[in-house]
Amino acid sequence: MSEQAVVVVVEDDPNIADLVDMYLRRDDHRVYLASTGEKALEVIGQRSPDLVILDIGLPGEIDGFECCRRIRAESDVPVIMLTARDDEIDRVIGFELGADDYVTKPFSPRELAARVKAILRRSGTPREPVGGVHKLGDVLVDTARREVLLNGEPVSLASQEFSLLLFLLENRGLALSRRQLLGGAWKVDWVGDERTVDVHVRQLRRKLGTDLPLETISGLGYRLG
Ligand code: CA
């Protein structure tokens, strides 16, 4: 990834657009704003961005969904969708269209900026394995020793459970679909049963306690907070 990422922000509310613009510039990204789907496609064609932030509710012929569909027809650029309605349908449809993440309005611009960073890190240079010791609530994960402690007591995880935990850690803060988790943690493009993921998540929660900041995302998968 180059030092300065190019981000296109598609948002018709000027207050939100300005706020997002300000936060992204503060992180040294180069930002281009578009207030309609038509404009967005034009700007994306000209600038070949590293990432697109896309509001769903846009004026004009092309709303966010349609815009995402058209972007996907042309490129694999990561897309974060902004949705005003906190319902599953938006989320699921958003991901079916190939969006990489979503943020529900009202959102904290700081959180959005963090998601942008995480996605750029993931999509830029090949992902570096996480190292060191990580704290997740009452749980400590020592990646080098492959050791997990709950309130200071060692917990025995099956190898596949540890791989899943490690993959969640590598993508901390990102919403991951069951398919992405299967591909990442099991290292196979498994067309098999996505419930395998649920079974292993259940085991992780049982062994690591309810304090584990692992959020279920309805209709999609999981996110480690
Ligand atoms: Ca809007």
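In this report, the structure presented in the accompanying data block is examined. Predicted model, so just to flag it, every value in this text is computed and none were measured.

Those protein atoms acting as donors to the calcium ion are Asp12 (OD), Asp55 (OD) and Gly57 (O), and they sit at 2.1 to 2.3 Å. Ordering the donors of the calcium ion by residue number gives the pattern D-x42-D-x1-G. Using a relative accessible area of 44% as the deciding quantity, one classes Gly57 as partly exposed.

The side chains of a regular strand alternate between both faces of the sheet. Here strand E6 (residues 133–136) pairs with strand E7 (residues 139–142) via four bridges, running antiparallel. Within the sheet, the bridge partner assigned to Lys135 lies in E7 and is Leu140. Linking two consecutive strands that pair antiparallel, namely E6 and E7, is a turn of two residues; a positive phi of about 60° is found at Gly137 within it. Two strands pair when backbone bridges link them, and E7 and strand E8 (residues 147–150) are joined in this way by four bridges, in the antiparallel orientation. Looking at E8, one finds that Asp142 is bridged to Glu147. Between E7 and E8, which follow one another and run antiparallel, lie four residues, and Arg146 among them has a positive phi close to 50°.

Our focus in this paragraph is the packing of helix H2 (residues 37–47) against helix H3 (residues 64–74). As a packed pair, H2 and H3 sit with axes 10 Å apart at the nearest point and diverge in direction by 20°. Accordingly, the angle class assigned to the pair H2 and H3 is roughly parallel. Between H2 and H3 lies a crossing of right-handed hand. Contacts from Gly37, Ala40, Leu41 and Ile44 in H2 reach Cys67, Arg70 and Ile71 in H3. The residue makeup of the contact of H2 with H3, split by class, is five nonpolar, one polar and one charged.

The rules behind each value
- Residues numbered from 1 in each chain as written.
- Predicted model: local features only at pLDDT ≥ 70, side-chain atom pairs only at ≥ 80, totals over all residues.
- Heavy atoms only, no water.
- Donors = N, O, S within 2.8 Å, 3.2 Å for Na, K, Ca; no water.
- Buried < 20%, exposed > 50% of the residue type's maximum accessible area, 1.4 Å probe, protein only.
- Pairing = 2+ DSSP bridges.
- Helix = DSSP H or I, 4+ residues; strand = E, 2+ residues; numbered from the N terminus.
- Axes fitted to C-alpha atoms, helices over the stretch in contact; angles between N-to-C directions.
- Parallel < 35°, antiparallel > 145°, perpendicular 65-115°, else oblique.
- Left-handed = near helix turned anticlockwise from the far one by under 90°.
- Contact = heavy atoms within 4.5 Å.
- Nonpolar A, V, L, I, M, F, W, Y, C, P; charged D, E, K, R; others polar.

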